[in-house]
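# Reading the structure
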Amino acid sequence: MRTITLEIDEKKVKAEEGMTILQAAKSVGIDIPTLCYHEKLEPYGACRLCMVEITKNKRSRLVTSCCYPVEEGLIVKTDTEKVNKIRKTIIELLLPLAPTGPIMTLGAKYGLCEYIKKTEVEGEWKVKGFRFPTEQNDCTLCGLCVRYCAEIKKENAVGFIGRGVDRHIAILPEKGGICIFCRECYNLCDGGKFPHEAEAF
Amino acid sequence: MKKLKSSSDLENLRKEILSKRDPKKMCITLCSGTGCRAYASEKVNIAFQDEIKKQKLGKEVDIRRTGCHGFCEKGPIVVIYPEEICYLQVKPEDVFDILSQTIKEGKIIERLLYTNPGTGEKIIHESEIPFYKNQKRLVFGNNRKIDPKSIDDYIALNGYTALSKALLELTPEQVIEEVKKANLRGRGGGGFPTGRKWETTRNAPAAPKYVIVNCDEGDPGAYMDRSLMEGNPHSVLEGLVIGAYAIGSHEGFIYVRQEYPLAVENTEIAIKQAEEYGFLGEDILGSGFNFKVKIHRGAGAFVSGESSALVSAIEGKVGEPKPKYIHTAVKGLWNKPTCLNNVETWANVPLIINNGADWYRSMGTEGSKGTKIFSLVGKVNNTGLVEVPMGMTLRSIIYDIGGGIPNGKKFKAIQTGGPSGGCIPEQFLDLPIDFDELTKVGSMMGSGGMIVMDGDTCMVDIARYFTNFLADESCGKCIPCREGLRHMLKILNNITGGKATEEDIKRLEDLTEVVRDGSLCALGGTAPNPVISTLKYFRDEYEAHIKEKRCPALVCKELIIYYIDPEKCQACGLCVKNCPTGAIYGKKKIVHIINQEKCIKCGTCFDVCPDKFSAVLRLSGEPAPPDVPRETRIKSKERR
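Each value, and the rule that gives it
Residues numbered from 1 in each chain as written. Chains lettered and ligands numbered in written order. Predicted model: local features only at pLDDT ≥ 70, side-chain atom pairs only at ≥ 80, totals over all residues. Heavy atoms only, no water. Helix = DSSP H or I, 4+ residues; strand = E, 2+ residues; numbered from the N terminus. Buried < 20%, exposed > 50% of the residue type's maximum accessible area, 1.4 Å probe, protein only. Areas by Shrake-Rupley, 256 points an atom, 1.4 Å probe, with all protein chains shown as cover. Lys, Arg positive; Asp, Glu negative; His and termini not counted. Charge placed at Lys NZ, Arg CZ, Asp CG, Glu CD. Pairing = 2+ DSSP bridges. Axes fitted to C-alpha atoms, helices over the stretch in contact; angles between N-to-C directions. Salt bridge = Lys/Arg side-chain N within 4 Å of Asp/Glu carboxyl O. Contact = heavy atoms within 4.5 Å. Buried area = accessible area lost by both parts, 1.4 Å probe. Polar contact = N/O pair within 3.5 Å; in protein donor to acceptor, adjacent residues only side chain to side chain. Nonpolar A, V, L, I, M, F, W, Y, C, P; charged D, E, K, R; others polar. Core = buried A, V, L, I, M, F, W, Y, C linked by side-chain atoms within 4.5 Å. pLDDT = per-residue confidence, 0-100. Phe/Tyr/Trp six-rings, centres within 6.5 Å; stacked < 30°, edge-to-face > 60°. Lys NZ or Arg CZ within 6 Å of the ring centre and 35° of its normal.

## Topic: the overall build of chain A
Helices and strands together make up the secondary structure of chain A, namely six helices and nine strands. For chain A, the spread of C-alpha atoms along the three principal axes comes to 50 × 40 × 35 Å. Of all 201 residues assigned to chain A, the portion counted as buried reaches 45%. Put simply, chain A shows about 10,500 Å² of open surface, and 50% of that area lies on carbon and sulfur atoms. In chain A, 30 positive and 28 negative side-chain charges are present, and the distance between their average locations comes to 5 Å.

Shown next, in the form of structure tokens:
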């Protein structure tokens, strides 16, 4: 396997050919936020939180680090103003949809919400304000459940229905029986919709 | 049918076809494109067939049903060769006159000719009509001469000679070199150099390689790919086989949307005919090159026109884009090198091979060569498909070809490039159109839609309309596009509904930036263009909606009221009779008034009030003046 040298946040990073920027960054402890990424699954590139700015042949552009393969001499910046604006706005769009722990934690990083400690062990999340209010439905459509079921379990019991703003997830009625016993995707769900949905089913 | 095995076979076939045709024999061509079909060209055809039998003219005249001529505004179009007499808006009732006067006696029927609206002059020949005269119809021109269901018609016009030249005289590298030299750029919107794409696919190490025709045209108001596919499918096929040869591909797909039944039908026939003659299949024209092609019918999703989504759709998956940091040209269909080009791009290829790159380069601008077909629609006198050399100004297209704005109204803006193009204001009317110039002013070439708008168009409403379309057509995979467009639409609805605050413009601007930079595919990447461009050039309209609750173009329903001017009202009762909610009070001879609470702002009163009175007014940003007292509303005879 060929070793590729690239630069991430002014750090020289050695990576193996075929790795993604995200994997290379993780290997040296650079944190890039993600939502739809899972190391066992094929890169999906839908949440766009892992966007980074790359410079190649003196031209820079924005790419999703979970999909972009490392290249020799690539210059990557994970923390630019543009990148942060996109991440912050995406979290702002997600917060009213699914105000749950993982998304709140991301929000806290960009100053959108805070954790108020009540006691040493107890506390609660507070959102500083919803700039893009919408109906809460506990689902960010990250597709982790759908892809886990298809790629790992090979059952395809969960799928997407509808297009665009009408898109949502649903369990195939014929396959619902499997879900009662499997429940492996419950832990993957960031928005908290899935366990709820499946129990109701 | 004997398969053709060499270039001389093709030449002999062409001579044989021509020998059976008498160029002096009269031929009536009837446009049977989708536009003319909507104007009942089918009925005109039946009338012609019947009447030719009745008048026993079968030996004197041929009838040929052609593809779209482009001048759809005036369909159905009949052109009689060899004289090229052009009759417009022909109805079945006119058929008798055409046959008995023009065909039998050589007389011209004045009432069916094109009348120049400016001078009143009648024009006999199709090519002299200003709409056609100012065009350069290289790709689209043959549409009007051939029956798309007949390969012989295409061969008679030197069809498949470029294929024979490419396969038998040139190496694949030479073909690519020629296309590269011609600087042909992708007509689907991206404008990527076609030759370079071919080369990447050719050099990609994996096999097999695929070639794809992208005919998933989904823009509202655009139909040039459709008309080309319906009207001249062989030109696309020929280009495709040449490309496949250059790339080293032996299998291709034509992705046509299911909503284009005529395109599917004509392409199916074309493939069958080409197979019979040996332009497809094994050992094409004796060159040893094999190629087959299949039609894939799309299920009508706008996003499927995006290359990675289209590839997914052909693979049998949902048509959703994938991040493509490795180009489709290297890893596309079933992860194999795939070259995907738009219909018009493929149709340009035979022209380049036949006439050479230098000839092709002689047309166009520095960065964009050749011609481009545009679908000219909206508030313009001559709507239809126009093909012009790159670099023609927007003004020439709108005024010289399009005949200007109807009713002498003022031009306001033109939206180019389909729903995700930007709106270009009057100050850029002299812009020479090519890929780069359009991008500079915040719009794009796109697939070539052009929507002309006049002073009666509200630019905020236009931005809202296109955002609504795109929010509907977004696949919903990535968050910026799905959620961003959802909120952009909400904000725009608030603005046109008079419920927005000044903060909303800031929120809107933030979203446009994130949707543009953050989205996964080009749909999201270009979706904010209508909003960005209208905010840039027509910001005053946004501000009027927000600060003054006023719609300057008097379009947005929530911000306008209808009011009857008591001085102008002649108390005729027309609006009272037609108001669907009974909101207008008054009788004959008693001046009418509108009850604003009952009014649903449908605009019926405005439409029915006779032009000579024009008593119904639209007001915006101000309350309705108080009703005049009943005693002064009575119209006495003296006052009239």
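## A look at the sheet that holds strand β8 (residues 251–257) of chain B
All names here are of chain B. Strand order across the open sheet formed by four strands is β9-β8-β7-β10, with parallel pairing between neighbours. Where the open sheet ends on each side, the last strands, each with one partner, are β9 (292–298) and β10 (338–342). Direction aside, the axes of adjacent strands within the sheet are offset by 20° on average.

## Some details on the pattern of salt bridges
Oppositely charged side chains are able to pair whenever their charged atoms sit close together. Here the structure, examined in full by the defined rule, presents 53 salt bridges over all chains. Sharing partners across several salt bridges, the network here consists of A:Lys85, A:Glu92, A:Arg131, B:Lys506, B:Asp510 and B:Glu513.

## Remarks on the interface of chain A and chain B
Each partner contributes residues to the interface: chain A has 32 residues there, and chain B has 30 residues. Summing the contributions of chain A and of chain B, the shared interface buries around 2,900 Å²; its carbon and sulfur component is 58%. At the boundary of chain A and chain B, one finds six salt bridges. For the salt bridge of A:Arg167 with B:Glu320, the shortest nitrogen-to-oxygen distance reads 2.6 Å. For the interface between chain A and chain B, the tally reads 17 residue pairs in polar contact (both at pLDDT 80 or more). Elements with a minimum of two residues in the side of chain A that touches chain B: β4 (59–64) and α2 (81–94) of chain A. With seven residues, α2(A) is the largest single contributor of residues to the side of chain A that touches chain B. Of the residues belonging to the side of chain A that touches chain B, the class tally is 19 nonpolar, six polar and seven charged.

## Topic: the nonpolar core
Residue and element names in this part refer to chain B. One finds Tyr160, Trp198, Phe279 and Phe291 to be the most contacted residues of the largest nonpolar core, which totals 71 residues. Among the elements that line this core, the one with the most residues is helix α11 (residues 233–247), at nine residues. Those residues in contact with Trp198 that sit more than four places away from it in its chain are Val175, Ile176, Val179, Gly243, Ala246, Ile247, Cys339, Asn341, Trp346 and Val349. Membership of the second largest hydrophobic core comes to 48 residues, among which are Val380, Leu394, Ile401 and Phe538.

## Examining the environment of B:Ser164
Residues and elements named next belong to chain B. Mapped onto the secondary structure, Ser164 falls in helix α7 (residues 161–169). The exposure class assigned to Ser164 is buried, which follows from its relative accessible area of 6%. Residues Ser164 and Leu285 lie 121 residues apart in sequence; the distance between their C-alpha atoms is 6.9 Å. When near neighbours in sequence (up to four residues on either side) are disregarded, Ser164 contacts Ser7, Leu10, Glu169 and Leu285.

## Quick word on the confidence of the model for chain B
Looking at chain B as a whole, its pLDDT mean stands at 92, while 99% of the residues score no less than 70. Both confidence scores are given for the complex: pTM 0.91, ipTM 0.93.

## A few points about the packing of aromatic side chains
The description of two aromatic rings rests on the distance between their centres and on the angle between their planes. Evaluation of the coordinates by the stated rule reveals 20 aromatic pairs over all chains. For the ring pair A:Tyr115 and A:Trp125, a centre distance of 5.2 Å and an interplane angle of 65° mean the geometry is edge-to-face. Of this pair, A:Tyr115 sits in strand β6 (residues 113–117) while A:Trp125 sits in strand β7 (residues 123–127), and the two are 10 residues apart along the sequence. Aromatic side chains B:Phe289 and B:Phe291 sit 6.4 Å apart centroid to centroid with 10° between the ring planes, which places their arrangement in the stacked category. As far as burial versus exposure is concerned, B:Phe289 and B:Phe291 are alike and both buried. Through pairs of rings, three or more aromatic residues link up here, namely B:Phe71, B:Tyr114, B:Phe131 and B:Tyr132. A cation sits over an aromatic face here: A:Arg167 above A:Phe160, 3.8 Å from the ring centre. One cation-aromatic arrangement involves B:Lys372 over B:Phe374; the distance from NZ or CZ to the ring centre is 5.7 Å.

## Looking at the sheet that holds strand β2 (residues 61–66) of chain B
Residues and elements named next belong to chain B. Read across the sheet, four strands follow the order β2-β1-β3-β4 without closing on themselves; strand pairing throughout is mixed. In this open sheet, the two strands that pair with only one neighbour each are β2 and β4 (85–87). Recorded for the sheet is a direction-independent mean angle of 20° between the axes of neighbouring strands. In terms of strand pairing, strand β1 (residues 26–31) meets β2 through six bridges, oriented parallel. Looking at β2, one finds that Leu30 is bridged to Arg65. Strand contacts of helix α3 (residues 41–54): β1, β2 and β3 (78–81), with the helix running at about 165° to β2, the strand carrying the most contacts. Along the sheet face, helix α4 (residues 95–105) touches β1, β2, β3 and β4 and points at about 140° away from the line of β1.

## Quick look at the environment of B:Gln135
All names here are of chain B. Within the fold, Gln135 resides in the loop between α5 (130–133) and α6 (151–156). Taking the C-alpha atoms as reference, Gln135 lies 8.9 Å from Ile397; in sequence the two are 262 residues apart. Setting aside its immediate chain neighbours within four residues, Gln135 contacts Leu385, Val386, Glu387 and Ile401.

## Thoughts on unusual backbone geometry
Comment: phi is negative for the bulk of residues other than glycine, and the bulk of peptide bonds are trans. Residue and element names in this part refer to chain B. Here the bond from Tyr81 into Pro82 is cis, since omega is 5°, no more than 30 degrees from zero. Counting through the fold element by element, Pro82 comes out in the loop between β3 and β4. Despite not being glycine, Leu285 has its phi angle at roughly 50°, a positive value. With respect to the secondary-structure elements, Leu285 resides in the loop between α12 (261–277) and β9.

## So, the pairing of strand β7 (residues 210–215) of chain B
Residues and elements named next belong to chain B. Along β7, six of the six residues are buried, which leaves the element largely enclosed by surrounding structure. Side chains Tyr210, Ile212 and Asn214 of β7 all project onto a buried face; the interleaved residues Val211, Val213 and Cys215 project onto the opposite face, where all are buried too. Looking at chain direction, β7 and β8 are connected through six bridges and run parallel. By the bridge assignment, Ile212 is partnered in β8 with Phe253. Relative to β10, β7 runs parallel, the two sharing five bridges. Within β10, the residue paired with Val213 across the bridge is Asn341.

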